[in-house]
Amino acid sequence: MEGKIIFKGLSDKENEIIIRYSTKDDAQAMCDYINTLSKEQTFVRFQGEKVSLRHETKYLKSQLKRIIKKQTVQLLVFCNNRLIGVSSIDMKDKTESHEGVFGISIAKEYRGEGIGKKFMQLVLEEAEKNIPQLRIVTLGVFGDNPLAKSMYEKFGFQEYGRLPEGSKRRDQFVDHIYMYKKIK
């Protein structure tokens, strides 16, 4: 699976994109990418923290092992050889070993091009094909991110809970919305 290309095509704004599985050589690009998102303090868990290359390399090695064990699917999207998005479905363990946790992010200048929608579709399809124990996909979304919530609903996700002020973004507390989708 390492490096396997899932999609080659154009975004809605005619940018050529490639969506593929991660490789061990992606650590630097992933480190730069997450640090850029973290600085932006967008709708991701990182809110200004800086990730070291050592940390990202360790994380990537772990993800590659989990892909082989059919415990995760992690895809990257590139435009002009630049990493512009990361998405994964990571399986939980023990009594929750049938639940996969979904995450997705797209670089600021590529949002609104339909990349996130295509990306999400492909990650869900890859997870259904490659993770036999997957039954439910869950995700969390910031309460002040109606665009993301709307996209998730279009993919069949339903809200099942809300923690008032459960997330902190840009020093403001916002609701954390929990959503799920049954796969099988």
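Below you will find a few notes about this structure. These numbers come from a predicted model, not from an experiment. (Residues numbered from 1 in each chain as written. Predicted model: local features only at pLDDT ≥ 70, side-chain atom pairs only at ≥ 80, totals over all residues. Heavy atoms only, no water.)

A closer look at the overall build of the protein
From N to C terminus, the protein includes 4 helices and 8 strands. Listing each helix as α and each strand as β along the protein from the N terminus yields β-β-α-α-β-β-β-α-β-α-β-β. Its C-alpha radius of gyration of 16 Å places the protein within 12% of the 16 Å reference for a compact globule of 184 residues. In terms of overall dimensions, the protein has a C-alpha envelope of 40 × 35 × 35 Å along the principal axes. For the protein, the residues scored as buried account for 45% of the 184 residues in total. A separation of at least 24 residues holds for 58% of the contacts in the protein among residues at least 6 apart in sequence. Here the protein has roughly 10,400 Å² of accessible surface; of this, 50% comes from carbon and sulfur atoms. (Helix = DSSP H or I, 4+ residues; strand = E, 2+ residues; numbered from the N terminus. Rg over C-alpha atoms; globule rule 2.2 N^0.38 Å. Buried < 20%, exposed > 50% of the residue type's maximum accessible area, 1.4 Å probe, protein only. Contact = heavy atoms within 4.5 Å. Areas by Shrake-Rupley, 256 points an atom, 1.4 Å probe, with all protein chains shown as cover.)

Observations regarding helix α3 (residues 115-130)
Counted at 1.5 Å a residue, the expected span for α3 with its 16 residues is 22 Å, and the 22 Å between its end C-alpha atoms agrees. Those residues of α3 that sit buried are Ile-115, Gly-116, Phe-119, Met-120, Leu-122, Val-123, Leu-124, Glu-126, Ala-127 and Asn-130. (Expected span 1.5 Å × (residues − 1).)

Notes on the packing of aromatic side chains
Scanning the model with the defined rule gives 5 aromatic pairs in all. A centroid spacing of 6.1 Å and a plane angle of 80° characterise the contact between Phe-102 and Tyr-152, whose relative ring orientation is edge-to-face. On the criterion of sequence distance, the pair formed by Phe-102 in strand β5 (residues 99-106) and Tyr-152 in helix α4 (residues 146-154) is long-range, its members being 50 residues apart. Comparing Phe-102 with Tyr-152 shows no difference in burial state: the two are buried. Aromatic side chains Tyr-160 and Tyr-180 sit 5.8 Å apart centroid to centroid with 75° between the ring planes, which places their arrangement in the edge-to-face category. Residue Tyr-160 is found in strand β7 (residues 158-169), and its partner Tyr-180 is found in strand β8 (residues 172-182); the two are separated by 20 residues along the sequence. Looking at Tyr-180, the relative accessible area reads 26%, which means it is partly exposed. In this structure an aromatic cluster arises from ring pairing among Phe-102, Tyr-152 and Phe-157. (Phe/Tyr/Trp six-rings, centres within 6.5 Å; stacked < 30°, edge-to-face > 60°.)

A look at the pattern of salt bridges
Per the stated rule, a full pass over the model turns up 11 salt bridges. A salt bridge links Asp-26 to Arg-20; the shortest N-O distance between them is 2.8 Å. Using a relative accessible area of 5% as the deciding quantity, one classes Asp-26 as buried. In this structure Arg-20 comes out as buried when scored by relative accessible area, which is 16%. Residue Glu-96 is joined to Lys-92 by a salt bridge in which the shortest nitrogen-to-oxygen separation is 3.8 Å. On the basis of relative accessible area, Glu-96 is assigned to the partly exposed category, the value being 36%. With a relative accessible area of 33%, Lys-92 lands in the partly exposed category. Through salt bridges that share partners, Lys-149, Glu-153, Glu-159, Arg-162 and Asp-175 make up one connected network. (Salt bridge = Lys/Arg side-chain N within 4 Å of Asp/Glu carboxyl O.)

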